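Letter by letter, the chains look like this.
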Amino acid sequence: MINENLRNIAIIAHVDHGKTTLVDAMFRQSGLFRENQETDERLMDSMDLERERGITIAAKNCSVGWKNVRINIIDTPGHADFGGEVERALSMADGAILLVDASEGPLPQTRFVLKKALEAGLKLIVVINKIDRKDARPGEVLDEIYDLLIDMDASEDQLEFPLLYAVGREGIAVESPEEEGKNLDKLFDIILEKIPGPSHDPAAPFQMLVSDLGYSDYLGRLAVGKIFNGTARSRDNLICIGENESGTPLRITKLQTYEGMQLKDAAEVQAGDIAVLAGIEDVKIGDTICNREDPKALPRIRVDEPTVSMTFTFNNSPFSGQEGKYVQFSRIRERLLKETLVNVAIGVEETGDQDSILVKGRGEFQLAILIETIRREGYEFCVGRPDVIYRYENGEKQEPVERLMVDCEEHFMGIVTEKLSLRKGRMTQLVNNGKGRIRMEFSIPARTLIGYRDEFLTDTRGTGIMHSLFDGYESFRGHCPGRFTGSIVSDRSGKAVPYALFNLEPRGRLFVLPGEAVYEGMIIGEHNRGQDIDVNPCKEKKLTNMRASGKDDNVILSPVKPLTLEQAISFIREDEVVEVTPQSLRMRKSVLSAQKRHNLRNSKAKNGGA
């Protein structure tokens, strides 16, 4: 049977193609807000990090009403690093709106989210968004969408998708680019007409797949998911089937469903509903909540394996404990394990060392977001350089490979291809549309891309666009030179002095400001040459009673641009770590003592010579 009073739909797209803005417009036009009610932009981007960066990080649920039908909308991230969120969200949907920018067309992350929707067998509606852009090319973009679907072996039914053109910011959807639109009525009508209602077996007992977890101070752990079969009421006695098929009894203390962005209490939930259930503490994403008398587990949510790992350790620098609220490693480990409960794409592995833990994820960007999230909660720790996770098949070393798309001005093509070929990249496609910009595609090892993004922006004077997508494992392509520069390392503790910094400027780029506290082993700059140097940034000018013309000129230092977290973790080498506190980011050597580092280098050289 099909529940015609419901539609469950996910909105999928590449980063910055307008998903969250379109959801805002759907909220306004469905009558969710009263007239003249003031609302924020990008309502679904509820996390501070999402608002700051202008991207969706976590998939979120909401609902709107249209012609007596409730449409549950799942807003998904567009970045492949948050692919676990996409896979989790699509498990609740029966259809998907694929949003594509009318100028940029399908990009690598579009391929990723579309592949997941096709694998889930979802009915597609294609919306070409931002047709009001001056450089919009809807006809060519439509051809590219067809090419992409054919390339991904889409079925005949999936190729016959309904098509709309939209200006999401203004809340307009039309059937042709020339048509003048007024609202999103056509989008709502096509959702009701083309997206099937959730199907269920009326004779089957209650089954709900847990796709998300929440927490309430009053209700405790909340399980969020789609009900596949049956009905449930408050106070029902059910059972939760975990990964090892073990069952945990539970009693529903509260049932809720989505109304807009808010939760409202429900006396009963039916098949097809996306419900929020309270009454169980020990629950994980992928578990099945079902009837005690006839327990049947649904297939678990499976996500792609992680490709990047990073070591987290406690902060043992001289400034440890000055800024953070939680500095004990047991608290840090507990917080990371808690993250694995709500984020299916994050994995945690013990290293055998009681003071470190290995965290695995989809990419360095996902791990950077995790670091930024927990540092804002008051945690203080150190992280090492991201490393790719290798696989071995039949004794052959294999590494993760990315499909890299580069869009830049024509005269930057030489420097970009040169840098990427040094990093073992192979060009697979080159498109020149004759308008001054070119689009190139490369196949490149994931490890060599770490740290390249900032270099790319410098090489293209900030005008280049770069997107990458995991493209499977291939044979190891050989060693690649990493950073060609060394580190300028402080050899003592104290405060940085303008006179000392001025004399260090010719040695390279500095990261510290005058008056900033430094300690032995802290990285204060990037050396022009390949080797590290130990320097004294606290050296003051010797004062004498002799005066001469030009002797006491003002010291004018070059401006220092502070490194972001992503820049810091891609800058460091294997023997360096980033010290992360709620207020500061510092790079430092793993071994702080200059003497110990010198001895280690000597012993390594002797062993190498032997």
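Just above, that's the structure.
Throughout what follows, the structure given in this document is the object of discussion. (Residues numbered from 1 in each chain as written. Predicted model: local features only at pLDDT ≥ 70, side-chain atom pairs only at ≥ 80, totals over all residues. Heavy atoms only, no water.)

### Concerning the side chain of Asp94
Mapped onto the secondary structure, Asp94 falls in the loop between helix H3 (83–90) and strand S4 (95–101). Separated by 2.7 Å, the side chains of Asp94 and Lys226 make a polar contact. (Helix = DSSP H or I, 4+ residues; strand = E, 2+ residues; numbered from the N terminus. Polar contact = N/O pair within 3.5 Å; in protein donor to acceptor, adjacent residues only side chain to side chain.)

### Notes on the sheet that holds strand S6 (residues 163–167)
Pairing is mixed across the open sheet formed by 7 strands, whose spatial order is S2-S3-S1-S4-S5-S6-S7. The open sheet has two edge strands, strand S2 (60–66) and strand S7 (172–174), and neither has a second partner. Neighbour-to-neighbour, the strand axes of this sheet turn through a mean angle of 30°, independent of strand direction. Of the strand pairs in this sheet, strand S5 (residues 123–129) and S6 are connected by 4 bridges, and their pairing is parallel. Of the residues in S6, the one forming a bridge with Val126 is Leu163. This element, helix H7 (residues 185–194), spans strand S1 (6–13), S2, strand S3 (69–75), S4, S5, S6 and S7 of the sheet and lies at about 95° to S2. (Pairing = 2+ DSSP bridges. Axes fitted to C-alpha atoms, helices over the stretch in contact; angles between N-to-C directions. Contact = heavy atoms within 4.5 Å.)

### Focus on the state of the cysteines
Two cysteines form a disulfide when their sulfur atoms are joined by a covalent bond. Following the criterion strictly, the structure yields 0 disulfides and no others. For Cys408, which is in no disulfide, the shortest distance to another cysteine sulfur is to Cys480 and amounts to 19 Å. (Disulfide = S-S within 2.5 Å.)

### As for the pairing of strand S16 (residues 274–278)
Most of S16 is tucked away: 5 of the 5 residues are buried. Alternating residues of S16 divide into Ile274, Val276 and Ala278 and Ala275 and Leu277, and every residue in both groups is buried. As judged from the 5 bridges shared by strand S9 (residues 220–229) and S16, these two strands associate in the antiparallel manner. Paired with Gly225 across the strands is Ala275, a residue of S16. Alignment of strand S13 (residues 254–259) against S16, held across 4 bridges, turns out to be antiparallel. Paired with Lys254 across the bridge in S16 is Ala278. (Buried < 20%, exposed > 50% of the residue type's maximum accessible area, 1.4 Å probe, protein only.)

### Thoughts on the packing of aromatic side chains
Tallied over the entire structure, the rule returns 9 aromatic pairs. Between Trp66 and Phe188, the ring centres sit 4.5 Å apart and the planes meet at 20°, which makes this aromatic pair stacked. Residue Trp66 is found in strand S2, and its partner Phe188 is found in helix H7; the two are separated by 122 residues along the sequence. Given a relative accessible area of 14%, Trp66 falls into the buried group. Seen in terms of ring centroids, Phe470 and Tyr473 are 5.9 Å apart; in terms of plane orientation they differ by 80°. Their pairing is edge-to-face. (Phe/Tyr/Trp six-rings, centres within 6.5 Å; stacked < 30°, edge-to-face > 60°.)

### Topic: the sheet that holds strand S33 (residues 533–535)
Strands pair in a sheet through their backbones, by hydrogen bonds, and they do so in one of two ways: parallel or antiparallel. Ordered in space as S30-S32-S28-S33, the 4 strands form an open sheet in which the pairing is mixed. Edge positions in the open sheet fall to strand S30 (508–510) and S33, since each of these has one partner strand only. Across this sheet, the average inter-strand angle for adjacent strands is 30°, counted without regard to direction. Pairing of strand S28 (residues 486–490) with strand S32 (residues 523–527), which is carried by 4 bridges, proceeds in the antiparallel orientation. Residue pairing for S32: Val489 is matched across the bridge by Ile523.

### Some thoughts on unusual backbone geometry
Of note in this structure, Asn68 is not a glycine but carries a positive phi near 65°. Within the element layout of this structure, Asn68 appears in the loop between S2 and S3. For Arg235, which is not glycine, the phi torsion reads 80° and is therefore positive. Along the chain, the position of Arg235 falls in the loop between strand S10 (232–233) and strand S11 (237–241).

### Points about the packing of helix H1 (residues 19–29) against H7
To characterise two packed helices, one gives the angle between the axes of the helices and the distance between these axes. Here H1 crosses H7 at 90°, and the two axes come no closer than 11 Å. In terms of orientation, H1 and H7 fall into the roughly perpendicular class. Two secondary-structure elements touch here, H1 through Leu22, Met26 and Gln29 and H7 through Asp185, Leu187, Phe188 and Ile191. In terms of residue class, the contact of H1 with H7 is made up of 5 nonpolar, 1 polar and 1 charged. (Parallel < 35°, antiparallel > 145°, perpendicular 65-115°, else oblique. Nonpolar A, V, L, I, M, F, W, Y, C, P; charged D, E, K, R; others polar.)

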